Amino acid sequence: MDVPLHVLRSFCVLADELHFTRAAALLSISAPSLSQQISRLEGAIGVKLLERSPRRVVLTDAGAELLPLAR
């Protein structure tokens, strides 16, 4: 499976920030664009990487496992 490097970078920034708007600002993209990138990444690898709620974003176990590999 080929995952573009910019998508892995986006995942890493989001994992560090745990906030879509802040991560998107750091990446100079819109929050909806970042959300789409992450959703496509999750679909490509077949696992949920983040738990999203209106108040917070948390890495799943799979997301925590992917993070050091993505770095």
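For the structure, check the block above.
Computed from a predicted model, the values in this text were never measured in an experiment.

(A) Region of interest: the overall build of the protein. On a plain count of helices and strands, the protein comes out with four helices and two strands. On C-alpha atoms alone, the protein measures out to a radius of gyration of 11 Å, which is about the 11 Å that the 2.2 N^0.38 rule sets for 71 residues. Overall, the C-alpha framework of the protein stretches about 25 × 20 × 20 Å when taken along its three principal axes. Once local pairs closer than 6 in sequence are excluded, the contacts in the protein between residues at least 24 apart make up 41%.

(B) Quick peek at the nonpolar core. Of all hydrophobic cores here, the largest spans 20 residues; its most connected members are Phe11, Leu14, Phe20, Leu34, Ile38 and Leu50. Sort the elements by how many residues they give to this core and helix H1 (residues 5-17) lands first, with seven residues. Contacts of phenylalanine 20, omitting those with residues within four sequence positions, involve Leu14, Ala31, Leu34, Ser35, Ile38, Leu50, Arg52 and Val57.

(C) Spotlight on the packing of H1 against helix H2 (residues 20-27). Viewed as axis vectors pointing N to C, H1 and H2 meet at an angle of 135 degrees, and their least axial separation amounts to 9 Å. Taken together, the axis directions place H1 and H2 in an arrangement best described as oblique. Of the two possible hands of crossing, H1 and H2 adopt the one that is right-handed. Residues Arg9, Ser10, Val13, Leu14 and Glu17 of H1 pack against Phe20, Arg22, Ala23, Leu26 and Leu27 of H2. Among the residues making up the contact of H1 with H2, the classes are represented as six nonpolar, one polar and three charged.

How each quantity is defined
Residues numbered from 1 in each chain as written. Predicted model: local features only at pLDDT ≥ 70, side-chain atom pairs only at ≥ 80, totals over all residues. Heavy atoms only, no water. Helix = DSSP H or I, 4+ residues; strand = E, 2+ residues; numbered from the N terminus. Rg over C-alpha atoms; globule rule 2.2 N^0.38 Å. Contact = heavy atoms within 4.5 Å. Core = buried A, V, L, I, M, F, W, Y, C linked by side-chain atoms within 4.5 Å. Buried < 20%, exposed > 50% of the residue type's maximum accessible area, 1.4 Å probe, protein only. Axes fitted to C-alpha atoms, helices over the stretch in contact; angles between N-to-C directions. Parallel < 35°, antiparallel > 145°, perpendicular 65-115°, else oblique. Left-handed = near helix turned anticlockwise from the far one by under 90°. Nonpolar A, V, L, I, M, F, W, Y, C, P; charged D, E, K, R; others polar.

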